[in-house]
Amino acid sequence: MKKTLILGCAVAALAAAPAHSAELRIGFVTTTSGGAAIIGKQMVNAWKLGLEHEGWTKDGDKLGGVPTKIFYGDDQQKADVGRRVVDRMLKSDKVHLVAGIIWSNVLMAVQRPVIRARKGLLITNAGAAPMAGKSCSPYFVSTSWNNDQPPEAMGKLMTDEGVKSVYMLAPNYQAGKDMIAGFKRTYKGKIVGQTLFKLGQRDYQAEISKARASKADAVYIFAPGGMGIAFVKQWQSSGAAKDMKMYSVFTVDNLTLPAVGEAALGTYHTNYWNVSSDNPVNQKFLKEYAAKYKSLPSHYAAQTYDAPRLIAAAVKKIDGKINDRDSLNLMKAMRKVEFPSIRGDFKYNVNGIPIQNFYKREVVKGPDGKPMIKTTGVVLENAKDSYWEQCPKSRRH
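Residues numbered from 1 in each chain as written. Predicted model: local features only at pLDDT ≥ 70, side-chain atom pairs only at ≥ 80, totals over all residues. Heavy atoms only, no water.

This next bit is on helix 11 (residues 280-293). Side chains three or four residues apart in an α-helix point the same way, a direct result of the helix having 3.6 residues per turn. If you check helix 11, its first and last C-alpha atoms are 20 Å apart, about what 14 residues at 1.5 Å a residue would give, namely 20 Å. Those residues of helix 11 not exposed but buried are Val 281, Asn 282, Phe 285, Leu 286 and Tyr 289. Buried residues along helix 11 cover an arc of 135° about the axis, so they all sit on one side. Along helix 11, the residues that are exposed and aim more than 90 degrees away from the buried face are Pro 280 and Lys 287. Tucked into the core, helix 11 has its buried residues touching helix 2 (37-53) and helix 12 (299-317). Positive backbone phi, at 60°, marks Lys 294, one or two positions downstream of helix 11. (Helix = DSSP H or I, 4+ residues; strand = E, 2+ residues; numbered from the N terminus. Expected span 1.5 Å × (residues − 1). Buried < 20%, exposed > 50% of the residue type's maximum accessible area, 1.4 Å probe, protein only. Arc of directions from axis to C-beta. Contact = heavy atoms within 4.5 Å.)

Here we take up the state of the cysteines. One pass over the structure, following the stated rule, counts one disulfide. Linked covalently through their sulfurs, Cys 136 and Cys 391 form a disulfide whose S-S length is 2.0 Å. The S-S bond linking Cys 136 to Cys 391 shows a torsion near 80°; that makes this disulfide right-handed. Note that Cys 136 is positioned in the loop between helix 5 (129-132) and strand 6 (140-142) and Cys 391 in the segment after strand 14 (371-383), a separation of 255 residues in sequence. For the pair shown, Cys 136 and Cys 391 are each scored as buried. (Disulfide = S-S within 2.5 Å.)

Moving on to empty space enclosed by the protein. By the definition in use, this model includes two cavities of 30 Å³ or more. Looking at the largest cavity, its volume works out to about 90 Å³. Along its surface, the largest cavity is lined by 14 residues, and Ile 102, Asn 125, Trp 145, Tyr 173 and Phe 222 are the ones closest to its centre. Quantified by volume, the second largest cavity comes out at close to 40 Å³. (1 Å grid on protein atoms, 1.4 Å probe; cavity = no way out; pocket = protein on both sides within 12 Å on 5 of 7 lines; lining within 4 Å. Points joined across faces, edges and corners; volume = space filled by probe spheres on them.)

Take the sheet that holds strand 2 (residues 62-63) next. In sheet architecture, strand pairing relies on hydrogen bonds along the backbone and comes in two forms, parallel and antiparallel. The strand order 2-3-1-4-5-6 describes an open sheet built from six strands, whose pairing is mixed. Edge positions in the sheet fall to strand 2 and strand 6, since each of these pairs with one other strand and no more. When strand 1 (residues 24-30) meets strand 3 (residues 66-74), the two strands line up parallel, connected through seven bridges. Across the sheet, the residue bridging to Leu 24 is Thr 68, located in strand 3. Of the strands in this sheet, strand 4 (97-100), strand 5 (120-123) and strand 6 are in contact with helix 13 (residues 328-336), which crosses strand 6 at around 35°. (Pairing = 2+ DSSP bridges. Axes fitted to C-alpha atoms, helices over the stretch in contact; angles between N-to-C directions.)

What follows is about the confidence of the model for the protein. Within the protein, residue pLDDT values average 94, and 95% of them lie at 70 or more. Confidence over residues 1-16 falls short of pLDDT 50; this stretch has one contact with residues more than four positions distant or in other chains. (pLDDT = per-residue confidence, 0-100.)

Now for the layout of surface pockets. Considered as a void within the structure, the largest pocket measures approximately 570 Å³ in volume. Lining the largest pocket are 23 residues; nearest its centre among them are Asn 254, Leu 257, Pro 258, Ser 295 and Leu 296. Within the residue set of the lining of the largest pocket, elements represented by two or more residues are helix 2, helix 10 (257-260), helix 11 and strand 14.

What follows is the structure, encoded as structure tokens:
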């Protein structure tokens, strides 16, 4: 009887002990097909460069001192496809962590199965407001921002610069609505109208006509990737730029600028990334990305580059003890550890969103006469997102 009891206790203790893995398995999800692939390509490029700078180039190489295997998935810019990709990674590939994700609707579709499986979710772009507030989770960390933050900076910038009236444009999905809400929160002038257009739209003649007819001083638009390229070109060719200033978020960047060219001159935007920073990590990233991929990196690349460097630092912090059953310790470590970021030093808020600066950037002619993006000032310093206080205390870490 005594032997049976001892054996039973030993089995129970063994079952309760963490099942440490001999390798770290990461799933990276982005959009690599269709019109949005231009964003996904930059994210994959920067992800691989960050891995390389941490000593990982192929499956089996060590990341943070632990052999690591990477799985890739294309969400095709569709929430249901993203969900299927992530389900496969969780069930078949047995990943400890899902990283990447461009689109907020995809994020909202995949966050529940990842968190229910007690695995980590490291977002390198999407910033859906619920994940910062009521749906926050200790299994969630972002290397980007909450959707509302860049437009909050833009609203303040336009108010400070005396723009008295504005017409707003954004695609009709979660991020577009967040970009409108954030702008309204800080802009003190008159909003004369707004249009939510179809996600992925390429013809903006009707929207531009409405904006011009409104007689607003400026237009404010969120149109990432190919949408932004199409809009800025049509905005310039329509002659609207002569009557109204264009302020934007995630519309003009190093990703779209080569295609837009001089049509972007004289436009303004807000962004977390100070492209002019002399931070050594930032300078190394800029130089080596351009050399390796023959193009300038966008903010999509910059924030994604930070991700593998953050993972490596967190793995080291937990002494490589990767738990097969639960990734909570790894995710907690991410929020506390110092790592070589393109932003320099910054802190995480209790909901996993960075506390960081937001800058005014404008498109000017560079020394070679070609359009370039220049950082010209800080709009918000050490900014916290607007939802963190809605994050239940039981889910804060």
